[in-house]
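Fold and geometry: a report
Okay, here's what each chain looks like letter by letter:
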Amino acid sequence: MSTAADMKFLIVDDFSTMRRIVRGLLKEIGYNNAEEAEDGAVALNMLKNGKYDFVVSDINMPNMNGFDLLAAIKQDESLKHLPVLMVTAEARKEDIVRAAQDGAAGYIVKPFTKATLEEKVVKIMQKLGK
């Protein structure tokens, strides 16, 4: 893990516009390597078959929501080290608490700015010593 540009992100959101926005913001921050998944089931498959360094996941999605994806990541020996940043349109206290209890590395509420995303990602990376 030498530089930010080498890091590979997986952006998980059922709304393609949101995936594009997050990808654009990551690029502006300096993270150019990102792939997208439209729900947790697709994301989990990609995670098991690829190498990623960071997951940015929406909570409310069809097929497999963000909490189910987070649980699956944390239960998988080969994936549980991955930091997962949860993103949601609803700032419900119980969701924030659940995300933290379930092992999410952080939580942001839509709509968010480049500064907010950058601050969260940097903080999480520092915590992980990357």
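Above: the structure in question.
How each quantity is defined
- Residues numbered from 1 in each chain as written.
- Predicted model: local features only at pLDDT ≥ 70, side-chain atom pairs only at ≥ 80, totals over all residues.
- Heavy atoms only, no water.
- Helix = DSSP H or I, 4+ residues; strand = E, 2+ residues; numbered from the N terminus.
- Contact = heavy atoms within 4.5 Å.
- Phe/Tyr/Trp six-rings, centres within 6.5 Å; stacked < 30°, edge-to-face > 60°.
- Lys NZ or Arg CZ within 6 Å of the ring centre and 35° of its normal.
- Core = buried A, V, L, I, M, F, W, Y, C linked by side-chain atoms within 4.5 Å.
- Buried < 20%, exposed > 50% of the residue type's maximum accessible area, 1.4 Å probe, protein only.
- Polar contact = N/O pair within 3.5 Å; in protein donor to acceptor, adjacent residues only side chain to side chain.
- Salt bridge = Lys/Arg side-chain N within 4 Å of Asp/Glu carboxyl O.

**What to know about the overall build of the protein chain**
When its secondary structure is counted, the protein chain shows five helices and five strands. In the protein chain, the order of α-helices and β-strands from amino to carboxyl end is β-α-β-α-β-α-β-α-β-α. Dimensions of the protein chain, computed from C-alpha atoms along their principal axes, come out at roughly 35 × 30 × 30 Å. Restricting to contacts in the protein chain with at least 6 residues of sequence separation, those with at least 24 account for 62%.

**Concerning the packing of aromatic side chains**
Pairs of aromatic rings are described using the distance from one ring centre to the other and the angle between the two planes. By the definition in use, this model includes two aromatic pairs. Here the aromatic cluster, defined as three or more aromatic residues joined through ring pairs, consists of Phe-9, Tyr-31 and Phe-54. Positioned above the aromatic ring of Tyr-52, the side-chain terminus of Lys-8 is 4.7 Å from the ring centre. The residue whose ring lies beneath Arg-98 is Phe-67, and the NZ or CZ to ring-centre distance is 3.9 Å.

**Some remarks on the nonpolar core**
Counting residues in hydrophobic clusters, the biggest one holds 23 residues, and the most contacted among them are Leu-10, Val-12, Leu-47, Val-55, Leu-69, Ile-73 and Met-86. Per-element tally for this core: the top contributor is helix α3 (residues 66-75), with five residues. Aside from chain neighbours lying at most four places away, what touches Val-12 is Ala-37, Asp-39, Gly-40, Ala-43, Val-55, Val-56, Ser-57, Asp-58, Met-61 and Leu-69. Listed in part, the 20 residues of the second largest apolar core include Val-22, Leu-26, Ala-34 and Ile-108.

**Some words on the side chain of Lys-110**
You can see Lys-110 is positioned in the loop between β5 (106-109) and α5 (114-128). Among the polar contacts listed, one links the side chain of Lys-110 to the side chain of Asp-13, at a separation of 3.2 Å. Only 3.4 Å separates the side chain of Lys-110 from the side chain of Asp-58, close enough to count as a polar contact. When near neighbours in sequence (up to four residues on either side) are disregarded, Lys-110 contacts Asp-13, Met-18, Asp-58, Val-87, Thr-88 and Ala-89.

**A short note on the pattern of salt bridges**
Using the criterion set out here, one finds 14 salt bridges in the structure. Of the charged contacts, one joins Glu-36 and Arg-23 as a salt bridge, the two residues approaching to 3.2 Å between their closest N and O atoms. With a gap of 13 residues between them, Glu-36 in strand β2 (residues 33-37) and Arg-23 in helix α1 (residues 16-29) connect regions that are remote in the sequence. On the accessibility criterion, Glu-36 (26% relative accessible area) is partly exposed. For Arg-23, a relative accessible area of 31% corresponds to the partly exposed category. The salt bridge involving Glu-90 is made with Arg-92; its shortest N-O contact spans 2.5 Å.

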